[in-house]
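Structural overview for review
Spelled out from the first residue to the last, the chains are:
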Amino acid sequence: MGPVSESQVQFWMAKAVDWGEATSPSVQQDTGRHLGELRGFLLQVLQSLQQASSTTEAIRTLPFVGQFLGRLCWNPYVTADEQSQTLLLQCLWCLYSVEPQSAVERRANEWIRTLLCQLASEEENTVQYALISCAGLRPREYTLRTLEKMVSVLTEEIRGGCVSLTNPSERCSCENVRHVSVASVPLVTCPQASPLIGGLLKRPVTCNRGALCEEFIEAVSIAWLEKKLVIEEPALIALWCHSLTSLEGAVMSLIESVLSGADSMPQNIEDKVTDSLLAKASALDCSIFLTVNEIFRAMLMELDGNLQLHALIHTFTRCFLHTLGAQRLQESPSLKAYFPLVPLNLLTPLLTSPSEVPKETWQDHVSWISALLQKITEKKEEEDKEESPRWCRDVFEAWFLLVQCGDWVDVATQLLVLPESEGCLSLLWLIHFYHHPTNRGHQSSQQMSLGREVCDHLRMLFLGSPLPCERVVAIRDLLSSTLSSNLVLHLLLNFAIFSQGSITTCKDIMSKVLIEQRVKHVAAWAFTTIRHRLNRDASKDARVQSRLRTIQEVLGSLP
Amino acid sequence: MEDIWKNVESTLELLAVSQTKFVSEWDARTVDRALQWAQYCEHIYTRFHTNSVIRKALEKCLRDTNERLRITFEGYRDMPFSDTAQCRHILLITLLKNPATPNSVIKLLFKRHFEANGDTGQDDQNADVASLVRIRSACQVLGTAKFSRNVPGSLEFGAQVHGKMLRQRLDSLLSYPDNDVLARNLLDFVLQHSGGLDNVSYVIAGAVLSKNDISGGNVTEDLIVDWLRDHNDLLLNMCQSLPAGLLAELSERCTKFRLAYLEILKEWASHLEYDIIKELWQQPRDGGVSFKTLVNRFRSLLASSASVKADTEKELVDMKEADGGFEVMGLSVWTDLHQHSLKDLTQSQKGTSLT
């Protein structure tokens, strides 16, 4: 941050003078609009003051500073904002000299002491002064209670609806709601003001006078993203219904935290989804669910094949379905409303969790899903030869639903390992579709034969030693190609966990094929996801558990 | 107990010294000790303020010590019992105000008490002034959010909140036995230090109208009205300056107030004189209220609840009968008030009576 410029000084001095003590709604709104920038400027001033060797020097470089800080200290709208107030006080203390060397420094000290005294004590001969003096409480406690009372009175007042609806001739008080929202901008993070903030958000907008001010919505959204907001869930949902920007911000913040976090392990993703409250809000409000998924779709297009994003979407949908299931007893819209773009016959098998289906029938269930999806992708042939937009949309939506319900892809991969696997082609097709929905210019049949080839290699490799060298090389090559890497890795890990091959063979194969750093990294991540899913299963297989531990060790010990 | 008196006495001495030039010899350690003693006093207050026996003894101890210190230190400011609840804050302000306080001490005070610690801690171990300033600013900002219920003459937001706070304090005092005197002292203090009768009028109205959360009964309201009767200038000011609708609301809430209010209205009416030439009832030069104001106030009462309406009507009829029961205008003020007040009652029910 650079030194303070002349134009900045002029701008902010003029603002400080204009704002005065910020008593009118229009001045408050202007202050609210500039609060973020003001904090930035105060920080800049603070840094300049900290660089000065003495108060005399500080005043010489920033001659406006005394008047500027003094004015802001008298603006309760600024001092109610925690960050601004902290910066203001720090600036003042930079100007205080423990050993004043000149008359200027002595005067500055005196001024700061007086200012702080005035800030800390109540103006005499006012009702507040009289009440606080005989309250038998510490001033902070008394003021806190007063604030709580004010908040409760205002919260009660704004609860009433618009009178002009029932009586058009009467002037409604909705404008006051707007004023309260303007006044509440610096208080959004104040825990005592929380009922009022919530009340404002939850108030139905019945008349155009009663719209909450933009600065308020923005302040609440930012505070939520910075985890500084104390607010109840219905109020947060109301915020997201009020403001699309705020909802987008919340979704993007969740996506960013998952994609950027080195700690984005499955359990962490679940925690992040839960903390974001987005899944819960989605279950309560269908439009929120639709918006969140719209953003997910856009992100999937942008970040093709990103496993973390897939995991996030999958986890989000699982949490959403869980909440929805818990509140099913109450009245809520049908599932079709949440997934309007996919056929109902596909929705039912995919939204059923594997835990709800007996293990013996998993194979049939997956084949059923696979057949339904194949039917959708093949429709093209019946229609126009060129890819119709409608067909593209149908295929994309079907694939998106598969990503949302990724459990069945995992089940398919797991089933493929079993030697007695029937309908292997159908399983392979599903896995292939999941990893390569667009074919990326390859012929589907070519990819399918690749899948079969991978399975053959792995099956032979896991039969036991000595390892056929050419197959090891083949798998290693396939892993290094970004086109097939994810698919091959998932198959490899599932073979490692579920095949009958010995532990030694398993270790041997892993250390021979997992060479590249990138591949090793993705392998570790994919493994954790699989393990997390298996650990969710109540009936834990002892053999699988022991293999999971071994593979964990192998992956950890790879060079 | 002896020890407690001694300690409180020493703390008062310490606070007295903090107002003098001797404070220039204080350092970080002295300030810490002083703040600890101040906190001790706060603790004593919290522990014993509801125990009337110990409180009386403590008050006596404070009185004696204050007297002694007043003789010793020029310009000494007395420390009443309620102030011991905020000893640290008082010490802090005194040190900031005292030019003899060393700069190093001031810097220390800043570090401890002015640096933001967040609003989460209810404990307030450090007498967090930054947080106090912030919360007070929040109150000021919300106070500017003018939210009237669009009902003419309703209580203003600030007065409503102050009234609630005063009411809560009175309720809690009166929930212990033998505390009437304390409650009255409290009201006396508020009357003296609130900056004028008008301010107090609204706060008292707010206190009467504030919902009683703690206990049933009208103990607090009755005490307030009894106290008001002992402070006639304030009572008169209330009846004169508060809006008619608010006074009717007070009369509805509290029977004792209703009686006092009706008495004052009668008193004012009795002072009106009829000007035969202008054919008007004239307000005396030395106070009282106009005929029009009286009519408005009666109308408001008549538009109020059934019991208030019945009482007011009965009062008007009784006065009219006692005054001769005339039906002709201009002979008895009560005949005229009765007639005017009942006229257009429906209009006043809509809440048009503002004065």
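Residues numbered from 1 in each chain as written. Chains lettered and ligands numbered in written order. Predicted model: local features only at pLDDT ≥ 70, side-chain atom pairs only at ≥ 80, totals over all residues. Heavy atoms only, no water.

Regarding the domain arrangement of chain A
All names here are of chain A.
- Examined at the domain level, chain A breaks down into domain 1 (6–120), domain 2 (136–161 + 173–242), domain 3 (251–340) and domain 4 (446–559).
- The centre of domain 3, based on its C-alpha atoms, is set 29 Å off from the matching centre of domain 4.
- Facing eleven residues of domain 3, the contacting portion of domain 4 comprises eight residues.
- Between domain 3 and domain 4 the total buried area reaches about 850 Å² when both faces are included, carbon and sulfur atoms providing 71% of it.
- In this assembly, domain 3 and domain 4 are joined by zero salt bridges.
- Linking domain 3 with domain 4 are one residue pair in polar contact (both at pLDDT 80 or more), by the criterion used here.
- For the side of domain 3 that touches domain 4, the secondary structure elements donating two or more residues are α15 (266–276) and α18 (307–326). (Domains from an automatic or database assignment. Contact = heavy atoms within 4.5 Å. Buried area = accessible area lost by both parts, 1.4 Å probe. Salt bridge = Lys/Arg side-chain N within 4 Å of Asp/Glu carboxyl O. Polar contact = N/O pair within 3.5 Å; in protein donor to acceptor, adjacent residues only side chain to side chain. Helix = DSSP H or I, 4+ residues; strand = E, 2+ residues; numbered from the N terminus.)

Topic: helix α7 (residues 103–120) of chain A
- Given a rise of 1.5 Å per residue, 18 residues ought to cover 26 Å, and the 26 Å separating the end C-alpha atoms of α7 of chain A matches this to within 8%.
- For α7 of chain A, the full list of buried residues reads Glu-105, Ala-108, Asn-109, Ile-112, Arg-113, Leu-115, Leu-116, Cys-117, Leu-119 and Ala-120 of chain A.
- Elements in contact with the buried residues of α7 of chain A: α3 (55–61), α4 (65–73) and α6 (82–94) of chain A together with α4 (87–97), α5 (103–113) and α6 (129–144) of chain B. (Expected span 1.5 Å × (residues − 1). Buried < 20%, exposed > 50% of the residue type's maximum accessible area, 1.4 Å probe, protein only.)

Side note on the interface of chain A and chain B
- Taken residue by residue, the interface counts 66 residues in chain A and 69 residues in chain B.
- Overall, the association of chain A and chain B removes approximately 6300 Å² of surface from exposure, summing both partners, and the carbon and sulfur fraction of that is 65%.
- Connecting chain A to chain B are two salt bridges.
- Among the salt bridges present, the one from Arg-138 of chain A reaches Glu-42 of chain B, with a minimum N-O distance of 3.1 Å.
- It is helix α9 (residues 139–159) of chain A that provides the largest number of residues to the side of chain A that touches chain B, a total of 15 residues.

Focus on the pattern of salt bridges
- This structure, assessed with the given rule, holds 35 salt bridges over all chains.
- The salt bridge partner of Asp-311 of chain B is Arg-258 of chain B, with a shortest N-O separation of 2.7 Å. On the criterion of sequence distance, the pair formed by Asp-311 of chain B in helix α15 (residues 306–322) and Arg-258 of chain B in helix α13 (residues 255–270) is long-range, its members being 53 residues apart.
- You can call Asp-311 of chain B partly exposed: its relative accessible area is 30%.
- Using a relative accessible area of 6% as the deciding quantity, one classes Arg-258 of chain B as buried.
- The network of salt bridges with shared partners includes Lys-15, Asp-30, Arg-33 and Glu-215 of chain A.

Considerations on the nonpolar core
- Counting residues in hydrophobic clusters, the biggest one holds 236 residues, and the most contacted among them are Phe-68, Leu-201, Phe-216, Trp-240 and Leu-514 of chain A.
- Take this core: its biggest share by element is ten residues, from helix α27 (residues 485–498) of chain A.
- For Leu-514 of chain A, the residues in contact, after removing those within four places along its chain, are Leu-479, Leu-489, Leu-492, Val-519, Lys-520, Ala-523, Leu-555 and Leu-558 of chain A.
- Within the second largest apolar cluster, 63 residues are counted, among which are Met-165, Ala-205, Val-225 and Ala-269 of chain B. (Core = buried A, V, L, I, M, F, W, Y, C linked by side-chain atoms within 4.5 Å.)

Observations concerning the packing of helix α17 (residues 286–302) of chain A against helix α22 (residues 389–404) of chain A
Residue and element names in this part refer to chain A.
- Between α17 and α22, whose axes approach to 12 Å, the crossing angle comes to 100°. Between α17 and α22, the crossing angle belongs to the class labelled roughly perpendicular. Facing α17, whose interface residues are Phe-289, Asn-293, Phe-296, Arg-297, Leu-300 and Met-301, α22 presents Phe-396, Glu-397, Trp-399, Phe-400 and Gln-404. (Axes fitted to C-alpha atoms, helices over the stretch in contact; angles between N-to-C directions. Parallel < 35°, antiparallel > 145°, perpendicular 65-115°, else oblique.)

What to know about a nonpolar patch on the surface
- Together, Phe-326, Val-328 and Leu-331 of chain B make up a nonpolar patch on the protein surface, roughly 280 Å² of accessible area in all.
- With respect to the helices and strands, the residue Val-328 of chain B is situated in the loop between α15 and α16 (333–342). (Patch = residues over 30% accessible without salt bridge, like charges linked within 9 Å, V, L, I, M, F, W, Y side chains within 5 Å. Areas by Shrake-Rupley, 256 points an atom, 1.4 Å probe, with all protein chains shown as cover.)

Here's the deal with the environment of Phe-396 of chain A
Residues and elements named next belong to chain A.
- Relative to the assigned elements, Phe-396 resides in helix α22.
- Expressed as a C-alpha distance, the spacing of Phe-396 and Gly-66, which sit 330 residues apart in the sequence, is 62 Å.
- Once residues within four sequence positions are removed from consideration, Phe-396 is found in contact with Arg-297 and Met-301.

Overview of the packing of aromatic side chains
All names here are of chain A.
- Taken as a whole and assessed by the stated rule, the structure comprises 26 aromatic pairs over all chains.
- Ring geometry for Phe-11 and Trp-12: centres 4.9 Å apart, planes at 85°, overall edge-to-face.
- Among the residues examined, Phe-11 registers a relative accessible area of 35% and is labelled partly exposed.
- Exposure remark for Trp-12: the relative accessible area of 5% places this residue in the buried category.
- Arranged with centres 5.5 Å apart and planes meeting at 80°, the rings of Phe-289 and Tyr-338 form a pair that is edge-to-face. Placement of the pair is Phe-289 in helix α17 and Tyr-338 in helix α19 (residues 335–338), with a sequence separation of 49 residues. Pair check on accessibility: Phe-289 and Tyr-338 agree, each one buried.
- Three or more aromatic residues joined by ring pairs form one cluster here, namely Phe-11, Trp-12, Trp-19, Phe-41, Phe-64 and Phe-68. (Phe/Tyr/Trp six-rings, centres within 6.5 Å; stacked < 30°, edge-to-face > 60°.)

Things to note about the confidence of the model for chain B
Residues and elements named next belong to chain B.
- Looking at chain B as a whole, its pLDDT mean stands at 86, while 89% of the residues score no less than 70.
- Between the elements of chain B, mean pLDDT differs from a low of 54, seen in helix α17 (residues 345–349), to a high of 95, seen in helix α11 (residues 232–241).
- Every residue in residues 118–124 is under pLDDT 50, and counting partners more than four places away or in other chains gives 19 contacts. (pLDDT = per-residue confidence, 0-100.)

Some remarks on α16 of chain B
Residue and element names in this part refer to chain B.
- Counting buried positions over the ten residues of α16 gives seven, a clear majority of the element.
- Buried within α16 we find Val-333, Trp-334, Thr-335, Asp-336, Leu-337, His-338 and Ser-341.
- A distance of 3.1 Å separates the backbone nitrogen of Trp-334 from a side-chain oxygen at the start of α16, and that oxygen is part of Ser-332.

Focus on unusual backbone geometry
Residue and element names in this part refer to chain A.
- Positive phi values are uncommon outside glycine, yet Asn-125 reaches one of about 55°.
- Residue placement: Asn-125 occurs in the loop between α7 and α8 (127–133).
- Taking relative accessible area as the criterion, Asn-125 reaches 47% and is therefore assigned partly exposed.
- Despite not being glycine, Leu-277 has its phi angle at roughly 65°, a positive value.
- Within the secondary structure, Leu-277 sits in the loop between α15 and α16 (278–284).
- Of the residues examined, Leu-277 reaches a relative accessible area of 19% and is grouped as buried.

Considering the layout of surface pockets
Residue and element names in this part refer to chain A.
- What the second largest pocket holds in volume is close to 1200 Å³.
- Taken together, 45 residues form the lining of the second largest pocket, with Ser-353, Pro-354, Ser-355, Asp-407 and Arg-536 sitting closest to its centre.
- Among the secondary structure elements, those contributing two or more residues to the lining of the second largest pocket are α15, α16, α18, α20 (344–351), α23 (407–417), α29 (517–536) and α30 (542–557).
- Top contributing element to the lining of the second largest pocket by residue count: α18, with seven residues. (1 Å grid on protein atoms, 1.4 Å probe; cavity = no way out; pocket = protein on both sides within 12 Å on 5 of 7 lines; lining within 4 Å. Points joined across faces, edges and corners; volume = space filled by probe spheres on them.)

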